[in-house]
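The residues making up each chain are set out below.
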Amino acid sequence: FDLGDISAIIASGSDITRWVLGIYMHMASPQNGALDPLVSLPLCGLSTCIGMDPVLLAKGAVTFSKANVEDLDGSFADWPLDLNEFGTGYDVILLNENGGGM
């Protein structure tokens, strides 16, 4: 991901250190935070990014895997996702600190 120049995001008061990438069933919507993702990880790929420099979080990659299963959050924070329960179509959505899709 690449958020580009995040100065406007920071100036708006949004806390990018609390943003996450969430995995939803295909065509689901975060509904402004009312629907939790199946699983999510903060932008730094760890259990928390709070206290990190927001500029360092503006670009990078997040990998969902068994190696970081202890850092996963969400309504079904388990990996791998159960294909029999959730199917094979997913959407990955950038979520702000309130759970709203960006």
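The shown structure was predicted, so the numbers you read here are calculated from the model rather than taken from an experiment.

Q: What exactly am I supposed to notice about the overall build of the protein chain here?
A: For the protein chain, the helix and strand inventory stands at two helices and three strands. By its C-alpha atoms, the protein chain is 45 × 30 × 20 Å across when sized along the principal axes. Burial status across the protein chain gives 36% buried among its 102 residues. In the form shown here, the protein chain has an accessible surface area of approximately 5,900 Å², with 54% of it arising from carbon and sulfur atoms.

Q: Would you take a moment to explain the sheet that holds strand β3 (residues 90-95) for this structure?
A: Backbone hydrogen bonds are what pair the strands of a sheet, in a parallel or an antiparallel way. Overall, antiparallel pairing links the three strands, which are arranged β2-β1-β3 in an open sheet. At either margin of the open sheet sits one strand with a lone partner, and together these are β2 (39-42) and β3. For this sheet, the mean inter-axis angle between neighbouring strands, taken without regard to orientation, is 20°. Where strand β1 (residues 20-25) lies against β2, four bridges are found, and the strand directions are antiparallel. Each residue of the ladder has a partner; that of valine 20, found in β2, is proline 42.

Q: Would you mind showing me how to read unusual backbone geometry here?
A: Note: most residues except glycine have negative phi, and most peptide bonds are trans. Here the bond from tryptophan 79 into proline 80 is cis, since omega is 0°, no more than 30 degrees from zero. Topologically, proline 80 is positioned in the loop between β2 and α2 (83-86). For asparagine 32, which is not a glycine, the phi torsion comes out positive at approximately 55°. Under the relative-accessibility criterion, asparagine 32 is labelled exposed at 72%.

Q: How should I be thinking about the pattern of salt bridges in this particular structure?
A: All told, the structure shown has one salt bridge when counted by the stated rule. Lysine 59 is the salt-bridge partner of aspartate 2, the closest N and O atoms lying 4.0 Å from each other. One end of the pair, aspartate 2, is in the segment before α1 (7-11); the other, lysine 59, is in the loop between β2 and α2, and 57 residues separate them in sequence. Classification of lysine 59 as exposed rests on a relative accessible area of 59%.

So, how was this worked out
Residues numbered from 1 in each chain as written. Predicted model: local features only at pLDDT ≥ 70, side-chain atom pairs only at ≥ 80, totals over all residues. Heavy atoms only, no water. Helix = DSSP H or I, 4+ residues; strand = E, 2+ residues; numbered from the N terminus. Buried < 20%, exposed > 50% of the residue type's maximum accessible area, 1.4 Å probe, protein only. Areas by Shrake-Rupley, 256 points an atom, 1.4 Å probe, with all protein chains shown as cover. Pairing = 2+ DSSP bridges. Axes fitted to C-alpha atoms, helices over the stretch in contact; angles between N-to-C directions. Salt bridge = Lys/Arg side-chain N within 4 Å of Asp/Glu carboxyl O.

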